[in-house]
Amino acid sequence: MQFATYETANFYDEMFLADGSPRSGARLLQERIASLPDGELLARQAAAERLLLQNGITFNVYSDSAATEKIFPFDIIPRIVEAAEWDWLEKGLKQRVYALNLFVDDIYHEQKILKDKVIPEALIQSARSFRKECVGLNPPQKVWCHITGTDLVRDRDGQIYVLEDNLRCPSGVSYVLENRRILKRTFPQVFEALRVRPVDEYPSRLLSTLQSLFPAAMESPKVALLTPGIFNSAYYEHTFLAQQMGVELVEGNDLVAANGRIMMRTTKGFEPVDVLYRRIDDDFLDPEVFRSDSLLGVPGLMEIYKKGRVALANAPGTGIADDKCIYAFVPKIIEYYLGEKIIIPNVPTHVCAEPRELAYVIANLDKLVVKAVNESGGYGMLVGPHASDEERVEFADRLRQNPRNYIAQPTLALSRVPVIVNGQIAGRHVDLRPYVLYGTDIYVLPGGLTRVALKQGSLVVNSSQGGGSKDTWVLMS
Amino acid sequence: MERAENVSRFIDVNLQMMLDLPSGSNQQWRPLVSISGDDSVFASRYAAATRENVIKFLALDMENPNSIVSCLRAARENSRTVREAISSEMWEQVNTSYLAINAAASNPLLIHSPYSFFNEVKKASQLFDGVAEATMLRGEGWHFFRMGRLVERADKTSRLLDVKYYILLPSLTDVGTPLDDIQWAAVLRSASALEMYRKRHGHIAPEQIVEFLVLDHEFPRSIHHCLTAANDSLHSISGTPVGMYRNPAEQRLGQLRAELAYADTEHIIKRGLHEFLDGFQTKLNLADQCIYDTFFALRPIGASAPYRAGQ
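Residues numbered from 1 in each chain as written. Chains lettered and ligands numbered in written order. Predicted model: local features only at pLDDT ≥ 70, side-chain atom pairs only at ≥ 80, totals over all residues.

Caption draft 1: Expanded view of the domain arrangement of chain B. Residues and elements named next belong to chain B. Domain boundaries in chain B define domain 1 (1–136) and domain 2 (138–298). Across the boundary between the two partners, domain 1 contributes 20 residues, which contact 21 residues of domain 2. Mapped onto the side of domain 1 that touches domain 2, the elements with two or more residues apiece are α1 (2–20) and α2 (30–36). It is α1 that provides the largest number of residues to the side of domain 1 that touches domain 2, a total of eleven residues. Partitioning the side of domain 1 that touches domain 2 into residue classes produces nine nonpolar, six polar and five charged. (Domains from an automatic or database assignment. Contact = placed C-beta atoms within 7 Å. Helix = DSSP H or I, 4+ residues; strand = E, 2+ residues; numbered from the N terminus. Nonpolar A, V, L, I, M, F, W, Y, C, P; charged D, E, K, R; others polar.)

Caption draft 2: The pairing of strand β9 (residues 261–266) of chain A, seen in detail. All names here are of chain A. The pairing of strand β8 (residues 255–258) with β9 spans four bridges and is classified as antiparallel. Across the sheet, the residue bridging to A258 is R261, located in β9. The hairpin turn running from β9 into strand β10 (residues 269–273), its antiparallel successor, is two residues long. (Pairing = 2+ DSSP bridges.)

Caption draft 3: Structural context of the interface of chain A and chain B. If you look at the interface, chain A gives 17 residues, while chain B gives 16 residues. Taken together, the elements giving at least two residues each to the side of chain A that touches chain B come down to α2 (40–54), α9 (235–245), β8 and β10 of chain A. At three residues, α9(A) tops the list of elements feeding residues into the side of chain A that touches chain B. In the side of chain A that touches chain B, the residues fall into eight nonpolar, eight polar and one charged.

Caption draft 4: Just the domain arrangement of chain A, in detail. Residues and elements named next belong to chain A. On domain assignment, one finds that chain A holds domain 1 (85–164 + 198–338) and domain 2 (350–410). The C-alpha-based centres of domain 1 and domain 2 are spaced at 29 Å. Contact with domain 1, which involves eight residues of that partner, is made by seven residues of domain 2. For the side of domain 1 that touches domain 2, the per-class residue count stands at three nonpolar, two polar and three charged.

Caption draft 5: Main features of the sheet that holds β8(A). Residue and element names in this part refer to chain A. Spatially, β8-β9-β10 is the arrangement adopted by the three strands of the open sheet, whose pairing is antiparallel. Looking along the sheet, the strands with just one partner apiece sit at the ends: β8 and β10. Looking at each pair of strands side by side, their axes are set apart by 45° on average, direction ignored. (Axes fitted to C-alpha atoms, helices over the stretch in contact; angles between N-to-C directions.)

Caption draft 6: Expanded view of the sheet that holds strand β6 (residues 223–226) of chain A. Residue and element names in this part refer to chain A. Pairing within the open sheet is parallel, and its four strands lie in the order β7-β6-β11-β12. The sheet is open, and its two borders are formed by β7 (248–250) and β12 (311–313), each paired with just one other strand. Sheet twist, expressed as the mean angle between neighbouring strand axes with direction ignored, is 30°. Here strand β11 (residues 275–278) runs beside β12; their pairing, made up of three bridges, is parallel. In the sheet register, Y277 faces β12, and the bridge partner there is A313. Relative to β7, α9 is tilted by about 150°, and along the sheet it contacts β6 and β7.

Caption draft 7: Looking closely at the nonpolar core. If you look at the biggest cluster of nonpolar residues, it comprises 127 residues, and the most contacted ones within it are L100(A), V104(A), L225(A), L276(A) and C325(A). Residue assignment places this core across two domains, with domain 1 (85–164 + 198–338) and domain 2 (350–410) of chain A each supplying three or more. Residues within four places of L276(A) in sequence aside, it is in contact with A224(A), L226(A), I262(A), V310(A) and L312(A). Counting 76 residues, the second largest nonpolar core, distinct from the first, contains V163(B), V187(B), I268(B) and F295(B). (Core = buried A, V, L, I, M, F, W, Y, C linked by C-beta atoms within 7 Å. Buried ≥ 20, exposed ≤ 12 C-beta atoms within 10 Å, placed from the backbone.)

Caption draft 8: Unusual backbone geometry, seen in detail. Residues and elements named next belong to chain A. A cis amide bond links A313 to the next residue, N314, at an omega of -10°. Relative to the assigned elements, N314 resides in the loop between β12 and α12 (324–327). A positive phi is found at Q141, a non-glycine position, where the angle reads about 55°. In this structure, Q141 sits in the loop between α5 (121–125) and β4 (147–154). Judged by local crowding, Q141 falls into the exposed class, with 12 C-beta atoms found within 10 Å. Not every positive phi belongs to a glycine, and K142 is a case in point at roughly 55°. Tracing the backbone shows K142 in the loop between α5 and β4.

Caption draft 9: Up close: the packing of α1(B) against helix α7 (residues 115–135) of chain B. Residues and elements named next belong to chain B. Here α1 crosses α7 at 150°, and the two axes come no closer than 8 Å. Judged by the twist between their axes, the crossing of α1 over α7 is left-handed. Residues E2, A4, E5, S8, R9, I11 and D12 of α1 pack against F118, V121, K122 and S125 of α7. Its residues placed into classes, the contact of α1 with α7 shows four nonpolar, two polar and five charged. (Left-handed = near helix turned anticlockwise from the far one by under 90°.)

Spelled out as C-alpha cells, the structure:
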C-alpha cells in the first residue's frame, strides 16, 4: 500500500512534512511500508488484530445479547517520536510532576501557595477533589502522586502542550506494553534498524516504586493491587499489571483491617499487606471515611494509612492536582515552588469561576472546547466548533448555573498520524499519554499511549468515545 | 474445562453405541441427560429426548450451565478473574479455544456431524492441561487447579461407566454377546482407555473394565488414581501429612480414597455397579462441598475456621 494519496491537509502530521516527504525519524518506516507488496500491510493489520483477540485484550459490547467481544481498535503504523523531542518532553514531565507533588503536599499542610495568593483559596475550598480528611497526612518521603498519566497534544504549528494531568488512577499503560509486543512482530526489521527505546521494564519499575513506599526498612514489602472487580472497564489492565509484577490482585472484600494492619485473606488465614496499588477512586477507598455506601473499599483503611502501617499509591487526595481549574495554574505552581519557567506549556485556559472569563467563554462558545473540571474519559465536554446551536445554548445555561465546574480552551488543530481506515491510509487526530513514576526518583516511560480519534475529523481520542491506539516509538539518541 | 471435555466424551460414547445398535432398535438419548443429573432442566426446555435435542442441550445450550459451551465460557471467565495467578500461555490457550469452539458451535451443520467438534473440545482441554503442567508454579494455585480437575474427572469417569448401565441391550439374552462387548469397548474408548486396557487385561470383560476404570492404580482416568492424586494436592495445600486430617475436606476425601483402596471388583458388582457409582458420586459431592467450605467460604477474621494452620 502506498502513501501516494495520503494528504497531510492543513494539519501538523507526526509522520510527514507539509510537502509530503517523511520526517527524518520516519523515513525508514515509510520506505518499508511503501515497499510491501499489495495487501501485505492489511494482512499484517489483520494478523495484529487476531493476536489481540487471542490474547483477550477485548471489551464486551453489552447491548449485544450474544455478548460479542471487540478488541480495542489498534493501528499498526507506529507513531515515532524523535530523540531530541523526547528528551525535552521527559524533562518537562519530570518538572511538572515534581512541582505538582510539592503542591499537593503544601495544600494538605501549610497552604503557603494560598496564603501567598498565587491560587485563589476559594478554588481549593470549592474543589470536589479536595479531601479535608487528608489534611496533615504524611505519605512516605512526602510523595503523593506515584503514578501519573499526562495527556499531551500538538497544535498545527508543531507546539506540544500539556492538555490534562491524571494523578488519580491513570489507566492505559497495559496497552502500551501489549501494543509493543505486537508491533515487534509486525515490523521487526524497521524496529531493529531504528533503535527504539524499550518499554518492557515498566512493570519492574512500577514494582520498585511501590516497594519503595513502605516506610519501615523491609526486605520485600508485600504489595497487592486493589481492583474494583471484574466489571470495571480497566479490569484487564489490573490483572495484567498484577501478573507482570507478580503481586496479588485483591478486591475490597479480600482485605480487612485488624490489629492495626491491613490483612489479606488467603487459604492459610490472613496475611498482612504493606503496599496497596489501588485502582479505585478515593471516594470508594474506605466507607468509614469517604462514601459510606461503598462496597469496594476496606472499612478502617484510612486509619491504618494515617498511622503509616500501610502505603497507598496514589495517596488519597491527589485528585486536587488534576482538577481542571487547578490545571490552569500549573505554570504558576511550577514557578512558585521551583522558581523555573514551565517547560511544556499549558493550553491557554479560561477558568469559568472568574466572572470575566465566563462572559468571554459564553460569547465565544463556537470557538472553544469546554470541559467539566471533574470529568474524564471525554465525558461532560463540548467541542464548540463541532456542536449545534442548540447544544451551545444548552451548554451556556449549564455554565451560568455552575461556573466553578467548567473551564474552556481554544480548539486546537490536533496533529494527525496516518491510520489504516477501510483499507486506505488516512490522517486522524492523536494525543499522547506518557506515564510517570515517582518513588525515590522520577522515571518517565519512553513513549506512552498514543490515542487516535478514529472518526474522521474527530478530536476526541478517548476509548470510551471510539478512540483507538498505536504503538509509540521513541528513538534512541 | 475438564467438564467440557467429559461431556464431549459422554456424547461421543453414546453416538458410538447408537451406531452399533442393530437397525430398528430405539435410539436411547434420555439416559445421557439423566446421568448428567439435569433431567428437570432438560424437561422444562425440550419436548423429547431426541438425538438432536440432547446434543443441543449438552453441547450448545448457553442456558444449561453444564453444557460444553457454558463450561468453556465459565472456564474462560474464571481464568480471566485469576489471570494474574496463571501463566499467560494458559490464558491464551483457554481464550483461543473458547473463541474457536464458540465459532464452531454456531455452525448449523454441527448437529449432523459433531465428531470433529467433540474432538476439538477434548483437544482444547488436553492442551490446557499440558500448558498448565509445563508453565505453572507448583504452589497453592497449581494444587487447587489439579485437585479441582481430578475431582471432576473422578466424578465423570463414574458417570461414563454408568452410561453402560442405562443403555439397554435389545434383550436380556444379549448380555455377553458381541454387541455387549462393542458397547463396553465404546465406554473404554471414550475414556481414552481402550489401548491401555488391552495392555493390562487383554479381552473385554465387564469385571475387568470396572476394575480398570474404578480401581486401577496407574491409569490416569481411573477413579482411584484421580482421588489419590487429588488427595495429595489437598495435603500439599494444607501441609497436613497424608493419612491424617485436620479439616472435614481432608477427612472426607481421605475416607473415600481409602474405601477405593480396599475395594474389590467382585464385591462392587455383587452389590450392583450402578448403586456403587451412585453412592460414590454422593460422597464425592460431599467432599467437594467440604473443600469449598474449608478454603473458599468467606469467614470473618478471628472466627474459628474449620481449617487451622500450623496446629
